[in-house]
Amino acid sequence: MSADRENSGNEAEVRGGESAVATGPGRLVELYGKMVLIRAFEDACQRAFRQGKIGGYLHVYTGQEAVATGFLEAFREGDRVITGYRDHAHALLLGCDPKEVMAELFGKRTGLVKGKGGSMHLFDVERGFMGGYGIVGGHIPLGVGIAYALRYEGTDGICQLYLGDGAINNGAFHEAANLAGLWGRDGMCPCFFIVENNQYGMGTSVERATAMTDLAAKFNSYAIGNEKVDGMDLEAVIECAERVAEQVRESGRPYAVEAVTYRIAPHGAADFFEKYRTKEEVEKWRARDPIGILEKKLLERDALDEEKIEEIKDEARQRVSEAVKYADESEEPPMEELYTDVYAGEDEYMGTR
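This one's a predicted model, so the numbers in the text were calculated from it and none came from an experiment.

A. Here's a closer look at the sheet that holds strand 4 (residues 191-197). Strands sit in the order 2-1-3-4-8-7 across an open sheet of six strands; the sheet is parallel. Strands with a single pairing partner mark the edges of an open sheet, and in this sheet they are strand 2 (129-132) and strand 7 (225-230). Each strand axis lies, on average, 15 degrees off the axis of its neighbour in the sheet, ignoring direction. Relative to strand 3 (residues 159-164), strand 1 (residues 80-83) is paired through three bridges, and the arrangement is parallel. Paired with I82 across the bridge in strand 3 is L161.

Next up, the structure:
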């Protein structure tokens, strides 16, 4: 079924709407709660950034919640996830404690990676999260390598590799995609490419960045199957995720999905003026807010009522408030923490010399 690309010149088919068959209403209510938590967490992050409590760069996921929420429904123990710098939602969805994630953003020793990673470099190997990466496209070869390693070790795990529309024009993408397609011929690269096409690479629209705006079709050059999905419709994303993940898991061959979405928030917390897009465009996409779409469906199906919605939102705000308090009250990392976890072996800088 075709879906309006809104701001994109790409007219290729986007799966979504009535064609999507997802999970039951109870699970959808749970996922609604997770999306609401992500939104509340990101709102708090923006406030903390403006208060000077979060340093460095900050990129929130507002408007894109259905993408990671839907695709990570297909995550299994033993799988791996790797993404770019807009990584808070992925960490939260994989089970990272909001308190530890917020503390990491605040640069505190109680943070997910001891305050040394910050917003763009969250990491939790025990939960299969191989990190967020600040270098655009730099993580793509790593994700392809992780997928190869999973199959080389004889597991049935897959790697969900998230990348943005801006990263797809990077040389690292093309080199890695070529290897993925090559290794995939022998069933040795179970890499699930997920292109989060939020219409802009920083302030440059897809139309101004590439002559061929059908991003999914770029994978054809490397013999990698591909399709599109409406990234604002959680049910459409779940249907796509479960089907494709199973295919990649069974075949060991890579596959790519372009999730057509939109970041309602600015590119980064310091992106105040947004001269590259109009207020009318943003408002048009706000009408397709993924949380609002799911909320409307759940109300229509009597899976939720207004009282329950407020209860879910209040709970999310409370959890985020506790996370901010925890981050505020946590200690700064000690100076010697600069030298830990830098090398695999003994750290020469912490020795007697």
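This is not the end of the story, as more comes after the structure.
B. Highlighting the packing of aromatic side chains. For the coordinates displayed, the defined rule picks out eight aromatic pairs. Ring geometry for Y148 against W183: centres 4.6 Å apart, planes inclined by 40 degrees, an arrangement best described as tilted. With Y148 in helix 5 (residues 140-152) and W183 in helix 6 (residues 171-184), this pair connects stretches of sequence that are 35 residues apart. Overall, the relative accessible area of 27% leaves W183 in the partly exposed class.

C. Spotlight on the pattern of salt bridges. Across all of its chains, the model carries 28 salt bridges by this definition. Close ionic contact of E235 with K297 constitutes a salt bridge, the shortest N to O distance being 3.0 Å. Taken together, the residues span a long stretch of sequence, with E235 in helix 8 (residues 234-251) and K297 in helix 10 (residues 290-300) at a distance of 62 residues. Given a relative accessible area of 17%, K297 falls into the buried group. Residues joined in a network through salt bridges with shared partners are K114, K116, E337 and D341.

D. Spatial organisation of helix 11 (residues 306-329). Between its first and last C-alpha, helix 11 extends 35 Å over 24 residues, near the 34 Å set by a 1.5 Å rise per residue. Looking only at helix 11, the buried set comprises I309, I312, A316, V320, A323, V324 and A327. Here the buried face of helix 11 lies against helix 1 (25-50), helix 4 (98-105) and helix 10.

E. Quick look at the nonpolar core. Residues Y32, F71, V101, M102 and L105 are the most contacted members of the largest nonpolar core, which totals 69 residues. Broken down by element, the residue count for this core peaks at 14 residues, all from helix 1. Apart from residues no more than four positions distant in its own chain, Y32 is found in contact with I291, L294, E295, L298, L304, I309, I312 and K313.

F. Spotlight on the confidence of the model for the protein chain. Taken as a whole, the protein chain shows an average pLDDT of 92; of its residues, 92% reach a score of 70 or greater. In the model, residues 17-21 has pLDDT below 50 throughout and makes eight contacts with residues more than four positions away in sequence or in other chains.

About the thresholds
Throughout, a residue's number is its position along its own chain's written sequence, starting from 1. For a predicted model such as this one, the threshold for reporting local features is a pLDDT of at least 70, and the threshold for listing and counting side-chain atom pairs is 80 or more; totals across whole chains, interfaces and linings nevertheless cover every residue. No hydrogens and no water enter the side-chain calculation; it runs on all heavy atoms of the structure. A strand pair is defined by DSSP finding two or more bridges across the two strands. Strands here mean DSSP runs of E at least two residues long; helices mean DSSP runs of H or I at least four residues long; both are numbered from the N terminus. Angles here are taken between N-to-C directions and fall from 0 to 180 degrees, while the axes themselves are lines fitted to C-alpha atoms, restricted in helices to the stretch in contact. Ring geometry is summarised as follows: Phe, Tyr and Trp rings, the Trp one being its six-membered ring, pair when their centres sit within 6.5 Å, and such pairs are stacked at plane angles under 30 degrees, edge-to-face over 60 and tilted between the two. For each residue, the accessible area found with a 1.4 Å probe, counting protein chains only, is set against the maximum for its type, and the residue is called buried under 20%, exposed over 50%, and partly exposed in between. Think of a salt bridge as a Lys or Arg side-chain nitrogen and an Asp or Glu carboxyl oxygen that are within 4 Å of each other. Here the expected length of a helix is defined as 1.5 Å per residue gap, with one fewer gap than residues. In what follows, a contact means two residues having at least one pair of non-hydrogen atoms within 4.5 Å. The nonpolar core is taken to be a set of buried Ala, Val, Leu, Ile, Met, Phe, Trp, Tyr and Cys residues, with the residues joined through side-chain atoms within 4.5 Å. As a per-residue measure, pLDDT tells how confident the predictor is, with possible values from 0 to 100.

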